[in-house]
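Residue strings, one per chain:
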Amino acid sequence: MSPVHRVYNFAAGPAVLPLPVLEQIQRDLLALPGVGMSILEISHRSRAFAAILEEAEADLRALAGVPDDYRVLFLQGGASLQFAMVPMNLLGPDEVADYIDGGSWAAKAIEEARKFGRVHVAASTRAERYARIPAQTELQLSPGAAYVHMTSNNTIEGTQYRTLPDVGGAPLVSDASSDLFSRPIDIRRHALVYAGAQKNMGPAGVTVAIVRGDLIARSAARRAALPTMLTYAVHAEHRSLYNTPPTFGIYALGLVMKWLREQGGLAAVAARNERKAARLYAEIDRTGFYRGTAARADRSVMNVTFRLATEALEARFVAEAAAAGLDGLKGHRSVGGMRASIYNAFPEEGVDALVEFMREFERRFG
Ligand code: PMP
């Protein structure tokens, strides 16, 4: 155990990291073993960094079962830059891209894509405040769409796809920012998956994109018209070393990948995540004092959103929880309420502590 006092951090991202990872970073911060320099100081062209990058990618591939014809890219600019890079690289002038509008981040992706090409909203639950995932039967897909874009976990609203939508033969592009590496993923059913690292995979500053080879080829065909740094093919050809990559982020992400493997891989991590979420939802559903905001069938295992009877009571809940060492429970500013983000590294004891706090709070105010 670390002698340092740490609170339970329920933040939506950047979020809690595994303690053993933080301890290793701390241990190796002055000098990486055998290198004599910090990760913050070594050249991205050095042999030592090449090994760090290769190992991070190898562990990531092993964990997710990334097939050989997919490229793993370590990028910058967050998931938000992918909102632009996806249409810039993949949407031609005579084509249409389908977007599933299932949450606030999906809406942002749509808004951005419209700057670059023709967008068709295949389904939307906006009118229901994104309280549920659009059903398969609601999808109105365009024949021959350049791709179909979805958001696998809606971080703000607390909903999550349980099973992937059937999009026929169209390339499926998924913003998996808040659930990539929290459960097994069928990469083969996707053409492109992207996520900022700062929730389940590492610190802010590095974005992972897993891209099928034919989409890299599409990107290559458009390269003359694209900014170099925003071209998937450039990053693929240079193995994420076209320019100076986010070296620290890649190093820390590599440590998280090793930690995930030590946990038994994604199936084991998913089982633990399910357990944590089930405990919280059971408490929310116990009496009606707390009210879950997401449709039950679509409840997120990562971001548990709930409300109280009044905003004043919610403010009190958040403030008293923080004082009790349960930090970051305030819901996203656009929706209010509470949100407990319980990503991979969030400990089960922290969930127990929150449940205990919720019971006590209800005893006093219920
Ligand atoms: N998509 C989703 C689902 C998110 O949760 C977030 C961030 N919370 C983003 C996109 C934007 O990510 P970034 O801040 O890395 O640009």
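About the thresholds
- Residues numbered from 1 in each chain as written.
- Predicted model: local features only at pLDDT ≥ 70, side-chain atom pairs only at ≥ 80, totals over all residues.
- Heavy atoms only, no water.
- Phe/Tyr/Trp six-rings, centres within 6.5 Å; stacked < 30°, edge-to-face > 60°.
- Helix = DSSP H or I, 4+ residues; strand = E, 2+ residues; numbered from the N terminus.
- Buried < 20%, exposed > 50% of the residue type's maximum accessible area, 1.4 Å probe, protein only.
- Pairing = 2+ DSSP bridges.
- Axes fitted to C-alpha atoms, helices over the stretch in contact; angles between N-to-C directions.
- Contact = heavy atoms within 4.5 Å.
- Near = heavy atom within 4 Å.
- Polar contact = N/O pair within 3.5 Å; in protein donor to acceptor, adjacent residues only side chain to side chain.
- Areas by Shrake-Rupley, 256 points an atom, 1.4 Å probe, with all protein chains shown as cover.
- Nonpolar A, V, L, I, M, F, W, Y, C, P; charged D, E, K, R; others polar.
- Parallel < 35°, antiparallel > 145°, perpendicular 65-115°, else oblique.
- Expected span 1.5 Å × (residues − 1).
- Domains from an automatic or database assignment.
- Buried area = accessible area lost by both parts, 1.4 Å probe.
- Salt bridge = Lys/Arg side-chain N within 4 Å of Asp/Glu carboxyl O.
- 1 Å grid on protein atoms, 1.4 Å probe; cavity = no way out; pocket = protein on both sides within 12 Å on 5 of 7 lines; lining within 4 Å.
- Points joined across faces, edges and corners; volume = space filled by probe spheres on them.

Even after reading the chapter, I still don't get the packing of aromatic side chains, so can you show me in this structure?
The relation between two aromatic rings is expressed through the spacing of the ring centres and the mutual angle of the planes. Following the criterion strictly, the structure yields 15 aromatic pairs and no others. Between F248 and Y251, the ring centres sit 6.0 Å apart and the planes meet at 50°, which makes this aromatic pair tilted. On the criterion of helical spacing, the pair formed by F248 and Y251 is a turn pair, its members being three residues apart in helix 7 (residues 247-262). Centroid distance F289 to F361: 6.4 Å. Interplanar angle 50°. Geometry classified as tilted. With F289 in the loop between helix 8 (266-285) and strand 11 (291-292) and F361 in helix 10 (residues 348-365), the pair connects residues that are 72 residues apart, well separated along the chain. In this pair, the class of F289 matches that of F361, namely buried. Following the ring pairs from residue to residue traces out a cluster consisting of F289, Y290, F306, F317, F357, F361 and F365.

Looking at this structure, how should I read the sheet that holds strand 10 (residues 207-212)?
As a general point, the strands of a sheet are linked pairwise by backbone hydrogen bonds and lie either parallel or antiparallel. Taken together, seven strands build an open sheet; the order of strands is 2-10-9-8-5-3-4 and the sheet is mixed. Of all the strands in the sheet, just strand 2 (70-75) and strand 4 (118-124) have a single pairing partner and so form its edges. The average undirected angle you get between the axes of adjacent strands in this sheet is 20°. As paired strands, strand 3 (residues 96-101) and strand 5 (residues 148-151) are joined by two bridges and run parallel to one another. Bridging across to strand 5, D98 finds its partner in V148. Along the sheet, helix 2 (residues 47-64) makes contact with strand 2 and strand 10, crossing strand 2 at roughly 130°.

Is there a simple way to think about the site of the ligand in this case?
As a matter of local geometry, the ligand sits amid G78, A79, S80, F83, W105, T151, N153, T155, D175, S177, Q198 and K199. Here S80 contributes a side-chain N or O atom positioned 2.6 Å from an oxygen atom of the ligand. For the ligand, a nitrogen atom lies 2.6 Å from a polar atom in the side chain of D175. Protein burial of the ligand: of its 400 Å² of free accessible surface, 85% is covered by the chains. Here the shell around the ligand takes four residues from helix 3 (residues 78-90), the largest share from any one element. Of the residues in the shell around the ligand, the class split is three nonpolar, seven polar and two charged.

When you look at the side chain of D59 in this model, what are you seeing that I'm missing?
Relative to the elements of secondary structure, D59 occurs in helix 2. Here D59 falls in the buried class, since its relative accessible area comes to 6%. Side chain to side chain, D59 and R261 meet in a polar contact 2.6 Å long.

What is the right way to read the packing of helix 8 against helix 10 from this model?
Describing two packed helices takes the angle between their axes plus the distance from one axis to the other. For the pair helix 8 and helix 10, interaxial distance at closest approach is 10 Å and the crossing angle is 0°. The pairing of helix 8 with helix 10 is recorded here as roughly parallel in orientation. Of the residues in helix 10, those touching helix 8 at R272, R275, K276, R279, L280, E283 and I284 are E348, V351, D352, L354, V355, M358, R359 and E362. Classifying every residue of the contact of helix 8 with helix 10 by side-chain character gives six nonpolar, no polar and nine charged.

Hey, could you run me through helix 7 in this one?
Helical geometry: 3.6 residues make up each α-helical turn, so side chains three or four residues apart lie on a common side. In this model, helix 7 (16 residues) spans 23 Å end to end at C-alpha, consistent with the 22 Å of a helix rising 1.5 Å per residue. Taken across its 16 residues, helix 7 has twelve buried, putting it largely inside the fold. Buried within helix 7 we find T247, G249, I250, Y251, A252, L253, G254, L255, V256, M257, W259 and L260. Its buried side turned inward, helix 7 meets helix 1 (19-28), helix 2, strand 2, strand 10 and helix 8.

Looking at this structure, I do not really get the domain arrangement of the protein chain. What am I missing?
Reports of interface size often rely on the accessible area that becomes lost once the parts have come together. Split by domain assignment, the protein chain resolves into domain 1 (8-15 + 264-365) and domain 2 (23-262). Centre-to-centre separation of domain 1 and domain 2, based on C-alpha positions: 26 Å. Taken residue by residue, the interface counts 32 residues in domain 1 and 27 residues in domain 2. When the two sides are added together, the surface that domain 1 and domain 2 hide from each other amounts to roughly 2200 Å², 54% of it contributed by carbon and sulfur. Of all residues in domain 1, L266, D298 and N344 give up the largest surface area on contact with domain 2, accounting jointly for 27% of the area buried on that side. Here domain 1 is connected to domain 2 by one salt bridge.

Looking at this structure, I do not really get the layout of surface pockets. What am I missing?
It is the rolling of a water-molecule-sized probe over the atoms that shows where space remains empty. Put simply, the largest pocket is a space of about 460 Å³. Looking at the largest pocket, it is lined by 21 residues, and the ones nearest its centre are Y8, L19, A345, P347 and E349. Among the secondary structure elements, those contributing two or more residues to the lining of the largest pocket are strand 1 (8-9), helix 1 and helix 10. Taken as a whole, the second largest pocket holds about 380 Å³ of empty space. Q24, E55, Y251, L255 and K258 are the residues nearest the centre of the second largest pocket, which is lined by 21 residues in total. Here the lining of the second largest pocket gets seven residues from one element, more than from any other, and that element is helix 7. Tallied by class, residues from the lining of the second largest pocket come to 13 nonpolar, two polar and six charged.

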